[in-house]
Amino acid sequence: SFFIFFSFQQRIEIHKLRQGDNLILGFSIGGGIDQDPTQNPFSEDKTDKGIYVTRVTEGGPAEVAGLQIGDKIMQVNGWDMTMVTHDQARKRLTKRNEEVVRLLVTRQSLQKAVQQSMMS
Amino acid sequence: KIESLKVTVDFLKVPLGLKKPPLKEALAAVPGPGRPKPLGVERHKPRRSDTMDNESQYSGYSYKSGHSRSSRKHRDRRDRHRSKSRDGSRGDKSVTIQAPGEPLLDNESTRGDERDDNWGETTTVVTGTSEHSISHDDITRITKDMEDSAHLDCSRHLGVSLAGALALLAFLTPLAFMLLPQLLWREELEPCGTPCEGLFISVAFKLLILLLGSWALFFRRPKAFFPRVFVFRALLMVLVFLLVVSYWLFYGVRILDSRDRNYQGVVQYAVSLVDALLFVHYLAVVLLELRQLQPQFTLKAVRSADGASRFYNVGHLSIQRAAVWILENYYHDFPVYNPALLNLPKSVLSKKMSGFKVYSLGEENTTNNSTGQSRAVIAAAARRRDNSHNEYYYEEAEHERRVRKRRARLVVAVEEAFTHIKRLQEEDQKNPREIMDPREAAQAIFASMARAMQKYLRTTKQQPYHTMESILQHLEFCITHDMTPKVRREHGERYLTAGPTIQYHKDRWLAKQWTLVSEEPVTNGLKDGVVFVLKRQDFSLVVSTKKIPFFKLSEEFVDPKSHKFVMRLQSETSV
């Protein structure tokens, strides 16, 4: 066995949960082109201004769907998220008329993931 | 090495004491104590007040056990050897500095000496030399002291007169240079018109400037007798002497003998001498005044009684001169010494009085028992559960509260008192009986705040320092200068907190007699790490020297255009 530190993409489908008047996804985002990339603890490249998942609520829709903390969100429902401001990202995730969001995320993993992907 | 000579150095009333006395002479101005003090005895007595003298610890210790005897013998031998190898008086020196007008030795010190001697008679310590024997250099030193003390006054006056004579000679020489040809061979001289007149005027003004400069620099009342300065002054005097002599020499050979006709040359010669004298005066200014101005050392003065400390920056000074400097600053920087404030409250201390009683059973180890006993007592006392710190804390807190309450009352009383007084305006028509001068006004107000003031002073234990007279004077001062009560309160901080010593009445200064104790000769210059002590009867000032570090200052240029900023945002939004 060997260790590889690399990133792979994953598609995650989150069904929003209705809480009162709001539809929530159950995670928090950080980053954006108007933010300070050096403060991002999850990025490998400290100039990366992409949107990262900073927190996942326990038992929330995001966790159920398989989103993990530290994931970088590349696309939301086809919309690019690599070159957006923080507020733009938030808006794209919280559209009131969408009940399901399909995310394309990039995750960094080690050896185990390699074996898993090889096996699956 | 450590021997204390109590020497009294007189404050000089004569302006110039220019002759350079040898080192010992300057210090050994003991005005004939008469009986030769057996210095051998002094060495073995524990000195009560001498904190710097670790000799005292040794001798105190020696009474207890026998094993220190050999170490002390060794130490004595070492000391004697060391003192032989150096000349003059060395070791721990005490120099008593006095304000002018005071008697040479106050009663305290003479009584102290007598007490020391009597006490020393009863010791039973045996050392390498017997109690009453004196080593060889003690004898030489004593005889030298006694000789020198007689000569000291004479030498001072001699120095003054010598310097004065030299100065006069130097002053008159140029004039003589110019006058002698006129007197001796007037007919043969070439006429000298405008250039000579110009030179005459310049000589006149230069001599005037020299006169004024010398008056400003030299003719002052010095505060103390500073042997160290004499090195420079002697140097300058020698320089002036050589200068004048060499000029006379050349004058005699070239001009007088050969009867030079060129009068302008002669006058120019005289002018050059005056210029040289002015430069010597410049040198004097630099050596005597300017060199001490640039700060080189930091002196830390700590009062032993309560730990109050101050830092001072001084230049190159001798230890003695630094001591006087410290004293000058002490009187206006240090809060007044209040022995009443230093002791722990009695309730706290009383518990400590009961100690342990130690009984020795049997006859074994009687000689070594004493140290063992004392150690056991101390250890036991330390282990005992002691709650006195608690009581001290509560006592302190209570006292603090009381002081603050009294202070508030005092402040209010003062404010109210001042509202009763108003300055008389010109237009006001008042009955002459009602008009008061400041003194009466002060007395009038004083009554209303007397009680609050008295209570406050009693609480802060300051009442011995403030007589009613002084308070009234202070009130008068405030009223005369139209101080608002707030200002008066700020100014009256001296009541509310212990102010510097100098503002109290002269009685409170408690004698201006200090004793300087130092391990190095007091005429040495300050060096890094020198420590000396200024002692008085009830406390002492420990002064330590530290060289001001060498600062490495580097330059960095910051382009004003380089100041640019960005927003640093770190938002986290939950979706």
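Chain B appears in an unreviewed UniProt entry as VNG2A protein from Calonectris borealis. Of the comments in the UniProt record for chain B, the one headed Sequence similarities (unreviewed entry) reads "Belongs to the Vang family."

Per an unreviewed UniProt entry, chain A carries the name Tax1-binding protein 3 and comes from Calonectris borealis.

1. Quick look at the overall build of chain A
Looking only at helices and strands, chain A has three helices and eight strands in total. For chain A, the sequential pattern of α-helices and β-strands runs β-β-β-β-β-α-β-β-α-β-α. Burial analysis of chain A (120 residues in total) assigns 42% to the buried set. Partitioning the intrachain contacts of chain A with sequence separation of at least 6 by distance along the chain shows that 67% fall at a separation of at least 24. About 7100 Å² of surface is accessible on chain A, with carbon and sulfur atoms providing 51% of the total.

2. Quick word on helix α2 (residues 86-93) of chain A
Among the residues of α2(A), A:His86, A:Ala89, A:Arg92 and A:Leu93 are the ones counted as buried. Around the axis of α2(A), the buried residues are gathered within 130° of arc, so they sit on the same side. Buried residues along α2(A) sit in contact with β4 (27-31), β5 (51-56), β6 (72-76), β7 (79-80) and β8 (100-109) of chain A together with β8 (572-574) of chain B.

3. Points about the UniProt feature "transmembrane region" (unreviewed entry) in chain B
Under the feature "transmembrane region" (unreviewed entry), the UniProt entry names residues 158-179, 199-218, 230-250 and 270-290 of chain B. Across residues 199-218 of chain B one finds 100% helix and 0% strand; the C-alpha atoms that close the span lie 28 Å apart.

4. Comments concerning the interface of chain B and chain A
Residue-level contacts link eight residues of chain B with 19 residues of chain A. In total, about 1100 Å² of surface goes out of reach between chain B and chain A, with carbon and sulfur atoms giving 47% of it. Taken as a group, B:Glu572, B:Thr573 and B:Val575 account for 55% of the area that chain B buries against chain A, more than any other trio of residues on that side. Between the two partners, chain B and chain A, sit one salt bridge. Counting the contacts that link chain B with chain A gives eight residue pairs in polar contact (both at pLDDT 80 or more). Grouping the amino acids of the side of chain B that touches chain A by side-chain chemistry returns two nonpolar, four polar and two charged. Bridge count between β4(A) and β8(B): three bridges; the pairing is antiparallel. Counterpart to A:Ile29 in the pairing with β8(B) is B:Thr573.

5. Section: the packing of aromatic side chains
Note on aromatic pairs: each is described by the distance of the centres and the angle between the planes. Residue and element names in this part refer to chain B. Evaluation of the coordinates by the stated rule reveals 10 aromatic pairs over all chains. Ring geometry for Trp248 against Tyr251: centres 5.8 Å apart, planes inclined by 90°, an arrangement best described as edge-to-face. Here Trp248 pairs with Tyr251, and both are found in helix α8 (residues 227-256), just three residues apart, close to one helical turn. Following the ring pairs from residue to residue traces out a cluster consisting of Phe177, Tyr247, Trp248, Tyr251 and Tyr269. Above the ring of Phe539, the side-chain terminus of Arg303 is found at 5.5 Å from the ring centroid. Over the ring of Phe297 we find Lys547; its NZ or CZ atom is 5.2 Å from the centre of that ring.

6. Digging into the nonpolar core
All names here are of chain B. Ranked by internal contacts, the top residues of the largest apolar core, which has 36 residues, are Phe177, Val240, Leu243, Tyr247, Tyr263, Val267 and Leu277. For this core, the secondary structure elements donating two or more residues are α6 (136-184), α7 (194-218), α8 and α9 (263-288). Among the elements that line this core, the one with the most residues is α9, at 14 residues. Excluding anything up to four places from it in sequence, Tyr263 contacts Met178, Pro181, Gln182, Leu189, Glu190, Cys192, Cys196 and Phe200.

7. Considering the state of the cysteines
In a disulfide, the sulfur atoms of two cysteines are covalently bonded to one another. Residues and elements named next belong to chain B. Taken as a whole, this structure holds one disulfide over all chains when the rule is applied. The side chain of Cys192 participates in a disulfide bridge whose partner is Cys196; the two sulfur atoms lie 1.7 Å from each other. When the S-S torsion is 110°, as for the bridge of Cys192 with Cys196, the disulfide is right-handed. For Cys196, a relative accessible area of 1% translates into the label buried.

8. Looking at the packing of α7(B) against α9(B)
When two helices pack together, their arrangement is given by the angle between their axes and by how far apart the axes lie. Residue and element names in this part refer to chain B. Where α7 meets α9, the axes come as close as 10 Å, and the angle between the chain directions of the two elements is 20°. As far as their axial angle goes, α9 and α7 are roughly parallel. The interaxial crossing formed by α7 with α9 has left-handed handedness. Here the contact of α7 with α9 is built from residues that sort into 19 nonpolar, six polar and two charged.

9. Section: the environment of A:Arg18
Residue and element names in this part refer to chain A. Turning to its location among the elements, Arg18 is positioned in strand β2 (residues 17-19). On the accessibility criterion, Arg18 (49% relative accessible area) is partly exposed. Sequence separation of Arg18 and Glu99 is 81 residues, and the distance between their C-alpha atoms is 9.1 Å. Once residues within four sequence positions are removed from consideration, Arg18 is found in contact with Leu23 and Glu99.

10. Some remarks on the pairing of β6(A)
All names here are of chain A. Where burial is concerned, most of β6 is hidden: four out of the five residues are buried. Of the strand pairs in this sheet, β5 and β6 are connected by two bridges, and their pairing is antiparallel. Bridge pairing in β6 places Tyr52 opposite Lys72. Bridging between β6 and β8 involves four bridges; their strand directions are antiparallel. Along β8, the bridge assignment pairs Lys72 with Thr106.

11. Side note on unusual backbone geometry
The bulk of non-glycine residues show a negative phi, and the bulk of peptide bonds are trans. Residue and element names in this part refer to chain A. Non-glycine residue Asn77 carries a positive phi angle of around 50°. Note on placement: Asn77 falls in the loop between β6 and β7. With relative accessibility at 28%, the residue Asn77 sits in the partly exposed group.

12. Here we look at the pattern of salt bridges
Following the criterion strictly, the structure yields 11 salt bridges over all chains and no others. Taking the shortest distance from any N to any O, the salt bridge between A:Arg55 and B:Glu572 comes out at 3.3 Å. Of the two residues, A:Arg55 sits in strand β5 while B:Glu572 sits in strand β8, which places them in two different chains. Here the salt bridges do not stand alone but share partners, grouping A:Asp87, A:Arg90 and A:Lys91 into one network.

13. Things to note about the confidence of the model for chain B
All names here are of chain B. Averaged over all residues, the pLDDT of chain B equals 68, while 55% of them reach at least 70. Confidence drops under a pLDDT of 50 for residues 1-94, and excluding neighbours within four residues, the segment shows 204 contacts in the predicted structure. For residues 96-134, every residue scores under 50 in pLDDT, and the model assigns this stretch 67 contacts once sequence neighbours within four places are set aside. This complex was scored by the predictor with a pTM of 0.47 and an ipTM of 0.80.

14. So, the pairing of β4(A)
Residue and element names in this part refer to chain A. Taking burial as the measure, the five residues of β4 include five buried ones, the bulk of the element. Side chains of β4 alternate between two faces, with Phe27, Ile29 and Gly31 and Ser28 and Gly30 buried alike. Direction of pairing for β4 relative to β5: antiparallel, over a ladder of five bridges. Within β5, the residue paired with Gly31 across the bridge is Ile51.

Definitions and limits used
Residues numbered from 1 in each chain as written. Chains lettered and ligands numbered in written order. Predicted model: local features only at pLDDT ≥ 70, side-chain atom pairs only at ≥ 80, totals over all residues. Heavy atoms only, no water. UniProt positions renumbered as here; feature names shortened; annotations may be inferred. Helix = DSSP H or I, 4+ residues; strand = E, 2+ residues; numbered from the N terminus. Buried < 20%, exposed > 50% of the residue type's maximum accessible area, 1.4 Å probe, protein only. Contact = heavy atoms within 4.5 Å. Areas by Shrake-Rupley, 256 points an atom, 1.4 Å probe, with all protein chains shown as cover. Arc of directions from axis to C-beta. Buried area = accessible area lost by both parts, 1.4 Å probe. Salt bridge = Lys/Arg side-chain N within 4 Å of Asp/Glu carboxyl O. Polar contact = N/O pair within 3.5 Å; in protein donor to acceptor, adjacent residues only side chain to side chain. Nonpolar A, V, L, I, M, F, W, Y, C, P; charged D, E, K, R; others polar. Pairing = 2+ DSSP bridges. Phe/Tyr/Trp six-rings, centres within 6.5 Å; stacked < 30°, edge-to-face > 60°. Lys NZ or Arg CZ within 6 Å of the ring centre and 35° of its normal. Core = buried A, V, L, I, M, F, W, Y, C linked by side-chain atoms within 4.5 Å. Disulfide = S-S within 2.5 Å. Axes fitted to C-alpha atoms, helices over the stretch in contact; angles between N-to-C directions. Parallel < 35°, antiparallel > 145°, perpendicular 65-115°, else oblique. Left-handed = near helix turned anticlockwise from the far one by under 90°. pLDDT = per-residue confidence, 0-100.

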